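What follows is each chain in one-letter form.
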Amino acid sequence: MVDSGTKLKIRRLLKTIICLFSLTFVVLFTVAFVRTLTLDVDVGLQHAQWEKTKNISLDIGREQREELLDNFKESIRIPTVSFAESNYNTTALLEFNRFLRKAFPTVYSSSLVHHEVVANYSHLFWVEGSQPDLLPYLLLAHVDVVPASESDAWDLPPFSAKEMDGFIYGRGTLDDKSSLMGILQALEYLLRKGYAPRRGFYIGLGHDEEVSGKNGALNIVNVMKQRGVQLSFVLDEGMLITENLSSFLGGSTAFIGISEKGSATIKLSVSTPPGHSSMPPKETCIGILAAAVKRIEDNPMPRLFGYGPERLSFEHMAHKFSFPVKFMMSNLWLFSPLIGRVLERQPISNSLVRTTTAVTMFNSGVKFNIIPSLAEAFVNLRIHSAQSLEEALDHIRSRVADERVKMELIDGFDPLPVSSTDEKSFGFQIIKKTVLEVFPSVTVAPGICVGNTDSRHFKDFTKDIFRFIPAWLKSGDYLRFHGINERISKKNYEEFVVFYSSLIQNCDIQKLPEPHGSVHEL
Ligand SMILES: CCCCCCCC/C=C\CCCCCCCC(=O)NCC(=O)O
Ligand SMILES: [Zn+2]
Ligand SMILES: [Zn+2]
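Residues numbered from 1 in each chain as written. Chains lettered and ligands numbered in written order. Predicted model: local features only at pLDDT ≥ 70, side-chain atom pairs only at ≥ 80, totals over all residues. Heavy atoms only, no water.

By the naming in an unreviewed UniProt entry, the protein is N-fatty-acyl-amino acid synthase hydrolase PM20D1, taken from Solea senegalensis.

Here you go:
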């Protein structure tokens, strides 16, 4: 029996607990509510007094449109495929060298432009500025593409550049010839109109981005290092404009990649004695390796959503949504576990939540009646910004947990540093300004690039590396990257040319405006 005194104490204790619980809830809710009302990181320098520049407008007419589309299509028809490191279609790459010269005669003949071929198939252009005191920038793109086979059920052949419903189909239309051609086409038109930049800039075109960039981008890096180059910022491929991707990625958002995930390629192998298939052992190397691979797939890496730069993405997008999504997105400190669980349901958004593990190759066996002696698998990780390469490898080791499975790191690197996005970040603010000029209806937000780009090799030149191409990505389109039916609309490719033309001219701005007081000047 509990006496009445003890009962009273228990009642008091319960009351105190309920009070504390309610108080905590009220405090948390108030903090979250205030943050929802005050968080508006999207404004930036939008309303500031920008230096006046007289940008040349391209005014693309019928003839020019035909010319730019013909050039683009011709670039797609040259199969500049990278198969593996140091294994690429060199005939096509040489043809591409000749094609660039033919497609962009003014770029190649202008006294302002200095061009050099690097490592046989890569290109470095230096466009001289009239004000050498302004720090130059670098635009990057790549010449090579991943393989594509006609037997893979493309609606139109992958190297035909044929059109359907206003789209040009072909390998490289998104990744990355749209940006390569868009940059050079914009420069060609600007030079034809007598444009001479104030700020000098480089254009780097690597030829082996899809297989590491070690021969293309890295040799461009060496050339630039020998010359003691310093850069204001780098802009490469990576992120794009997404349109209604999911409940948390609704509306149109231009994500400027401010970092990229790390990467690791791990080879797993198992060796067992070979023999006759009529007298099999209890376990073959295939079975042992398959079980290890299954353990990796069944045990995904921990959820880290909210601990990396993806947090900034959501904070920049929050203002577009109404309650309760806005409330949750403005308060990732409270809701990231919940949002992470929603995002992980789809492959595209799961890539923001954790280090991903993809088993990409599995090889074994030579004949149906021979017990194989070796089984090999490759696992490709894309490492979340809040995890290191070492931590990710430890996780895989602990999942494999079988000493018969040998683990070898083939290649790997940590997630890339996070570039600046504040009101003093020249690169971010200029890219943002240009995006909003060309696409006034979109929201601009920092993003994390889930794939890897050549830009990672350039981190000694600047702390500010951005990854963005002005391509529109609708739901399901992400499957076209390295997949079938890669395509771009003719209208969108034209937007590429306009975007790079505006960007180059906006970079002539000498100094960013002062952020404060600008709102009152409206
Ligand atoms: C809050 C962020 C929203 C996420 C939306 C992500 C949309 C990205 C979809 C597709 C883009 C994938 C392109 C990545 C470019 C990578 C270039 C490349 O292929 N590199 C080689 C490699 O990574 O192996
Ligand atoms: Zn690419
Ligand atoms: Zn690619």
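Caption draft 1: Just the nonpolar core, in detail. Counting 79 residues, the largest nonpolar core has Leu100, Leu235 and Val435 as its most contacted members. Considering every element that reaches this core, the biggest residue donor is helix α5 (residues 177-192), with 9 residues. Ala264, Leu289, Ala392 and Val400 belong to the second largest nonpolar core, which has 22 residues in total. (Core = buried A, V, L, I, M, F, W, Y, C linked by side-chain atoms within 4.5 Å. Buried < 20%, exposed > 50% of the residue type's maximum accessible area, 1.4 Å probe, protein only. Helix = DSSP H or I, 4+ residues; strand = E, 2+ residues; numbered from the N terminus.)

Caption draft 2: Fine view of the coordination of the zinc ion (ligand 3). The coordination sphere of the zinc ion (ligand 3) contains the protein donors Asp175 (OD), Glu210 (OE), Glu210 (OE) and His482 (NE2), at a distance range of 2.0 to 2.6 Å. We note that the donor set of the zinc ion (ligand 3) lies within a single chain, spaced as D-x34-E-x271-H. The metal-metal distance between the zinc ion (ligand 3) and the zinc ion (ligand 2) is 3.4 Å, with aspartate 175 coordinating both. Highlighted residues: aspartate 175 in the loop between β7 (167-169) and α5 and histidine 482 in the loop between β20 (472-474) and β21 (487-489), separated in sequence by 307 residues. Under the relative-accessibility criterion, aspartate 175 is labelled buried at 6%. (Donors = N, O, S within 2.8 Å, 3.2 Å for Na, K, Ca; no water.)

Caption draft 3: Fine view of the sheet that holds strand β17 (residues 406-413). Taken together, the 4 strands give an open sheet; going across it, the order is β14-β16-β12-β17, and neighbouring strands pair in antiparallel fashion. Both edges of this open sheet fall to β14 (356-364) and β17, since each of them pairs with a single strand only. For this sheet the average axis-to-axis angle between neighbouring strands, irrespective of direction, equals 15°. Here strand β12 (residues 262-271) pairs with strand β16 (residues 374-383) via 10 bridges, running antiparallel. Bridge assignment links leucine 268 to a residue of β16, and that residue is alanine 377. (Pairing = 2+ DSSP bridges. Axes fitted to C-alpha atoms, helices over the stretch in contact; angles between N-to-C directions.)

Caption draft 4: Region of the structure containing the coordination of the zinc ion (ligand 2). Around the zinc ion (ligand 2), the donor atoms from the protein are His142 (NE2), Asp175 (OD), Glu237 (OE) and Glu237 (OE), and they sit 1.9 to 2.4 Å away. Around the zinc ion (ligand 2) sit 4 donor atoms; with metal-centred angles ranging over 57 to 157°, the donor geometry is irregular. For histidine 142, a relative accessible area of 1% translates into the label buried. (Tetrahedral: all angles 85-135°; square planar, octahedral: opposite > 155°, others 65-115°.)

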